[in-house]
Amino acid sequence: MFVYLPALFVILGVMSMIEQLLVYAAKFIITAYTSILSPVLPSIKDKLDITLTQVGIIVAFFSLSNSILQPVWGWLEDHFSYYRPLLCSPLLVGVAIGSIGFVNNYWLLILLLFIAGIGISSFHPASFAYMAELKPNNRGMTVSILLLASSLGFVVGPLAITYFMSINGFQTFYLIMIPGILVTLVLHLHSFKTINKLTKSHIITNRSWNFRNINKSIYVSFIYALAICILSMNIFSFVPFILRESSQSMQITGIALSLFALGSATGPIIGIILAKRIGKNKVMLSSTMLAMAFHAFFLTTHHQYFLLGILFFLGVFLMGSYSIIFEIAQNQAGHYVATISSILGGFLWGCGGVSTIVTARFAEAFGLRHMMAGLMGLFLIILAINIHYLIQRNKLKTF
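Here we summarise the structure given alongside this text. (Residues numbered from 1 in each chain as written. Predicted model: local features only at pLDDT ≥ 70, side-chain atom pairs only at ≥ 80, totals over all residues. Heavy atoms only, no water.)

Quick notes on the overall build of the chain
Then, number 1: Assigned secondary structure in the chain consists of 17 helices and zero strands.
Then, number 2: Looking at the chain residue by residue over its 399 residues, the buried ones come to 51%.
Then, number 3: Within the chain, counting contacts between residues at least 6 apart in sequence, those at least 24 apart form 87% of the total.
Then, number 4: Total accessible area on the chain stands at roughly 18700 Å², and carbon and sulfur atoms take up 71% of it. (Helix = DSSP H or I, 4+ residues; strand = E, 2+ residues; numbered from the N terminus. Buried < 20%, exposed > 50% of the residue type's maximum accessible area, 1.4 Å probe, protein only. Contact = heavy atoms within 4.5 Å. Areas by Shrake-Rupley, 256 points an atom, 1.4 Å probe, with all protein chains shown as cover.)

Brief notes about the nonpolar core
Then, number 1: Of all hydrophobic cores here, the largest spans 105 residues; its most connected members are Ile44, Ile58, Ile97, Phe173, Phe298, Tyr322 and Met372.
Then, number 2: Top contributing element to this core by residue count: helix H9 (residues 218–245), with 17 residues.
Then, number 3: Discounting chain neighbours no more than four positions away, the residues touching tyrosine 322 are Ala225, Ile228, Cys229, Leu344 and Trp349. (Core = buried A, V, L, I, M, F, W, Y, C linked by side-chain atoms within 4.5 Å.)

Some remarks on the pattern of salt bridges
Opposite charge on two side chains makes pairing possible when the charged atoms of those side chains draw close.
Then, number 1: Per the counting criterion, the structure on display carries two salt bridges.
Then, number 2: Measuring nitrogen to oxygen at the nearest pair gives 2.9 Å for the salt bridge that ties arginine 244 to aspartate 46. Taken together, the positions of arginine 244 in helix H9 and aspartate 46 in helix H2 (residues 37–48) put the pair 198 residues apart, joining distant regions of the chain.
Then, number 3: Glutamate 364 is the partner of arginine 361 in a salt bridge, and the nearest nitrogen-oxygen pair spans 3.9 Å. (Salt bridge = Lys/Arg side-chain N within 4 Å of Asp/Glu carboxyl O.)

Quick word on empty space enclosed by the protein
Then, number 1: All told, the structure shown has two cavities of 30 Å³ or more when counted by the stated rule.
Then, number 2: One number sums up the size of the largest cavity: a volume of about 40 Å³.
Then, number 3: Every residue lining the largest cavity is listed: Ile44, Lys47, Leu48, Ile100, Val103, Leu109 and Phe170.
Then, number 4: In terms of residue count, the dominant contributor to the lining of the largest cavity is H2 (three residues).
Then, number 5: For the lining of the largest cavity, the class distribution of residues is six nonpolar, no polar and one charged.
Then, number 6: Space inside the second largest cavity adds up to approximately 30 Å³.
Then, number 7: Taken together, Ile228, Ser287, Thr288, Ala291, Phe317, Leu318, Ser321, Phe379 and Ile382 make up the lining of the second largest cavity. (1 Å grid on protein atoms, 1.4 Å probe; cavity = no way out; pocket = protein on both sides within 12 Å on 5 of 7 lines; lining within 4 Å. Points joined across faces, edges and corners; volume = space filled by probe spheres on them. Nonpolar A, V, L, I, M, F, W, Y, C, P; charged D, E, K, R; others polar.)

So, the packing of aromatic side chains
Then, number 1: Inspection of the entire model under this criterion finds 14 aromatic pairs.
Then, number 2: A centroid spacing of 6.3 Å and a plane angle of 45 degrees characterise the contact between phenylalanine 238 and phenylalanine 241, whose relative ring orientation is tilted. With a gap of three residues between them, phenylalanine 238 and phenylalanine 241 both fall in helix H9, about one helical turn apart. Summarising the burial analysis for this pair, phenylalanine 238 and phenylalanine 241 share the class buried.
Then, number 3: Note on phenylalanine 312 and phenylalanine 313: the rings are 5.2 Å apart at their centroids and 75 degrees apart in plane angle, and the pair reads as edge-to-face.
Then, number 4: By relative accessible area, which is 21% here, phenylalanine 312 ends up partly exposed.
Then, number 5: Every member of this aromatic cluster is reached through a ring pair, and the members are Phe294, Phe297, Phe312, Phe313 and Phe317.
Then, number 6: Against the face of phenylalanine 170 rests lysine 47, its NZ or CZ located 4.6 Å from the ring centre. (Phe/Tyr/Trp six-rings, centres within 6.5 Å; stacked < 30°, edge-to-face > 60°. Lys NZ or Arg CZ within 6 Å of the ring centre and 35° of its normal.)

Let's talk about the packing of H9 against helix H15 (residues 356–366)
Then, number 1: At a closest axis distance of 10 Å, the pairing of H9 and H15 adopts a crossing angle of 50 degrees. The angle between H9 and H15 falls in the class oblique. The crossing of H9 and H15 is right-handed. Only Thr356, Thr359 and Ala360 of H15 make contact with H9, whose side of the interface consists of Met233, Asn234, Ser237 and Phe238.
Then, number 2: Split into classes, the residues belonging to the contact of H9 with H15 amount to three nonpolar, four polar and no charged. (Axes fitted to C-alpha atoms, helices over the stretch in contact; angles between N-to-C directions. Parallel < 35°, antiparallel > 145°, perpendicular 65-115°, else oblique. Left-handed = near helix turned anticlockwise from the far one by under 90°.)

Side note on the side chain of lysine 27
Then, number 1: Structurally, lysine 27 is set in helix H1 (residues 5–35).
Then, number 2: With a relative accessible area of 1%, lysine 27 lands in the buried category.
Then, number 3: Setting aside residues up to four positions removed in sequence, lysine 27 forms contacts with Phe123, His124, Ser127, Phe128, Leu146, Ala149 and Ser150.

Brief notes about H15
Then, number 1: Three or more residues of H15 are buried, namely Thr356, Thr359, Ala360 and Ala363. In an axial view of H15, the angular spread of the buried residues amounts to 105 degrees, which keeps them on one side of the axis. In H15, the exposed residues that point more than 90 degrees away from the buried face are Arg361, Ala365 and Phe366. (Arc of directions from axis to C-beta.)

This is the structure:
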């Protein structure tokens, strides 16, 4: 009997690995669905004959449901259950996003995107909670891989959808439902019992929501992070229109957005590694100044290949300090690390998306490039906070 034990352990290990891979795959697909809206916005604008302000409203509603509601879903899943959102979200998102091709009404489009956003915002906290329960002794690695899966989704999504649209347009847009449907079916068939079992041990019956013990300086970190989120969301949303003004093809637009997303994904990793070697303040200050420079280069450069390189490095330096400010906020959060993380990881990004309503209005009034140039004011806010942190650090050294 004991002869079969090693084989049994191998089988159980493989099954556990498959369950992890399924969640990672679902995370990748959910994030890819999230990233495909921006590249198709110019085509949606032409199809529905809407204004740039109405485009901003589309982005805002999508951001409201897929990011701003994440802390709410995290709280609900902590207190009730996360297995239904985890199992059903890929299907909900895939069907809602895939139905865009059938829509000829502006408000119906917003409704579909809002529904898709609900699926996205409910899935992300559920995936972190499930993996934490599945691998309680290896949470750091599972979180890292989940974040990597999200980053890859943002890189692949724009490339895939622009290639798809260049061949098929909206006629066969419903085909993009397929990945979401397949992942949902496989999750139900393979992981239903495990997810249902783990979710019962995860439910919290009582939790205090007293935030008085949180360090008040955390609000400075929120402002810093919010400025980055607004900049990133506006760049990602309006770059397709700027590139179209420069007569760039849809394929180039997809590559540009993927490079910006790739830079944004690698920036936090590079930033946190450098921070351990040369110090947080130096990394934050230098990345902010370099991001300002590359933002200015982007607005003044029209050469196709220079634009692609500039957008990549803009993403790297814009997000270079985000993991650092995330860590600072977590250290200031007291016992509310999860709550603060959901705000920084979802809510503020939703606020960045909602800001496109205002920025789109400015773009219509003063021109798209002038609006993007006006975003330099946010860089100045980040720069001011960096100087504040530097002064605080020097004061602490004095004592």
